[in-house]
Amino acid sequence: MKCMTGTKVLLMIGCPEVPIQTSIALYLSHKLTKLGFDVTVAGTTAASKLLKVSDSDGYYVKQLVDLDKTIADIIEKRTDFDICFAFMHNDAGMTYATTMSSISQARMYSIVFGRNAEALAETIEFDCEKIVSQDVHNPVRLKNKLDKVMEGIAR
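Summary of the structure given here. (Residues numbered from 1 in each chain as written. Predicted model: local features only at pLDDT ≥ 70, side-chain atom pairs only at ≥ 80, totals over all residues. Heavy atoms only, no water.)

A short note on the overall build of the protein chain
Then, in step 1: Looking only at helices and strands, the protein chain has 6 helices and 6 strands in total.
Then, in step 2: Ordering the α and β elements of the protein chain from the N terminus gives β-α-β-α-β-α-β-α-β-α-β-α.
Then, in step 3: For the protein chain, whose C-alpha radius of gyration is 14 Å, the value lies close to the compact-globule estimate of 15 Å for 155 residues.
Then, in step 4: In terms of overall dimensions, the protein chain has C-alpha extents of about 35 × 35 × 30 Å along its principal axes.
Then, in step 5: When the 155 residues of the protein chain are sorted by exposure, 50% land in the buried category.
Then, in step 6: Residue pairs at least 24 apart in sequence account for 66% of intrachain contacts in the protein chain once pairs closer than 6 positions are excluded. (Helix = DSSP H or I, 4+ residues; strand = E, 2+ residues; numbered from the N terminus. Rg over C-alpha atoms; globule rule 2.2 N^0.38 Å. Buried < 20%, exposed > 50% of the residue type's maximum accessible area, 1.4 Å probe, protein only. Contact = heavy atoms within 4.5 Å.)

Right, dumping it as C-alpha cells:
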C-alpha cells in the first residue's frame, strides 16, 4: 500500500450510544495514521470523553477536536478535509453527515451501524460510499468492511 502523507482525513463521531462506535473510531484512526494519513477525529462532548478515557495517552487518536467547532471552521473556510468518515446510527448522525457533504469537498464515507442501520442507510441522499453493519456490540464485521475500504483508498 502506498503512503498517503498529507491527505487529510476527518472522522466524525456523534452520540456514543452504540458501543461499537468508540472501538471502531480508535481502530480506524490508528490504521489510517499508520498508512500515512493526517487523521483528525471530531466528536461531540460525550464521544470525545469516551475516546480520551479509552486512549488516554493519545496512542490511537493523535488529533481530537470538537465536532461543532470543526464544522464552523469548514464553513468559514479555515480548514477542510480530503476524506471524511461520518459515523451514524441515528438521525443526528445523518444530519452531521449531510451537513458535511454540503460544506466540504471531502470524499464522503458513511459508516452506518446499529440495529436500524439498513433503514438509515436507505435514507442517505448525498453522494457517498456506504459502509453498513447492523452490529451494536461486536465490531468485527464492521472492522472487516472498513479494512476493505482502506485497501481501496490506499491504492
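Thoughts on the pattern of salt bridges
Then, in step 1: Counting across every chain of the model gives 5 salt bridges.
Then, in step 2: The shortest N-O distance in the salt bridge between D73 and K69 comes to 3.0 Å. Residue D73 and its partner K69 are both found in helix α3 (residues 67-75); the two are separated by 4 residues, about one turn of the helix.
Then, in step 3: Of the charged contacts in the structure, one is a salt bridge between K143 and D147, with a shortest N-O distance of 2.6 Å. Here K143 pairs with D147, and both are found in helix α6 (residues 140-153), just 4 residues apart, close to one helical turn.
Then, in step 4: Since its relative accessible area comes to 25%, K143 is described here as partly exposed.
Then, in step 5: Within the structure, one salt-bridge network assembled from shared partners comprises K69, D73 and R78. (Salt bridge = Lys/Arg side-chain N within 4 Å of Asp/Glu carboxyl O.)

Quick look at the environment of F126
Then, in step 1: With respect to the helices and strands, F126 occurs in the loop between α5 (117-122) and β6 (129-133).
Then, in step 2: The sequence separation of F126 and A97 amounts to 29 residues, and the corresponding C-alpha distance is 8.8 Å.

Thoughts on the nonpolar core
Then, in step 1: Residues L11, L32, F85, F87 and I111 are the most contacted members of the largest nonpolar core, which totals 31 residues.
Then, in step 2: Of all the elements in the fold, those that place two or more residues in this core are β1 (8-13), α1 (20-34), β2 (38-43), α2 (45-54), β4 (83-88), β5 (107-113) and α6.
Then, in step 3: The element that contributes the greatest number of residues to this core is α1, accounting for 6 residues.
Then, in step 4: When sequence neighbours within four positions are dropped, the list of residues in contact with F85 reads V9, L10, L11, M12, L28, L32, Y109, I111, L146, V149 and I153.
Then, in step 5: One finds L67, I74, C128 and V132 within the second-largest nonpolar core, a separate group that totals 24 residues. (Core = buried A, V, L, I, M, F, W, Y, C linked by side-chain atoms within 4.5 Å.)

Comments concerning the packing of aromatic side chains
Then, in step 1: Going through the model one piece at a time under the given rule, you end up with 3 aromatic pairs.
Then, in step 2: Taking 4.8 Å as the distance between ring centres and 90° as the angle between the ring planes, the aromatic pair formed by Y59 and Y60 counts as edge-to-face.
Then, in step 3: Judged by its relative accessible area of 49%, Y59 falls in the partly exposed class.
Then, in step 4: The class for Y60 is partly exposed, based on a relative accessible area of 34%.
Then, in step 5: Its end group placed over the ring of F81, K8 keeps NZ or CZ at 5.1 Å from the ring centre. (Phe/Tyr/Trp six-rings, centres within 6.5 Å; stacked < 30°, edge-to-face > 60°. Lys NZ or Arg CZ within 6 Å of the ring centre and 35° of its normal.)

Let's talk about the packing of α1 against α6
Then, in step 1: At a closest axis distance of 11 Å, the pairing of α1 and α6 adopts a crossing angle of 25°. As the angle between them shows, α1 and α6 are arranged roughly parallel. In this structure, the crossing between α1 and α6 has a hand that is right-handed. Contacts from I20, I24, Y27, L28, K31 and L32 of α1 reach α6 at L142, K143, L146, D147 and M150.
Then, in step 2: Class assignment of the residues belonging to the contact of α1 with α6 gives a composition of 8 nonpolar, no polar and 3 charged. (Axes fitted to C-alpha atoms, helices over the stretch in contact; angles between N-to-C directions. Parallel < 35°, antiparallel > 145°, perpendicular 65-115°, else oblique. Left-handed = near helix turned anticlockwise from the far one by under 90°. Nonpolar A, V, L, I, M, F, W, Y, C, P; charged D, E, K, R; others polar.)

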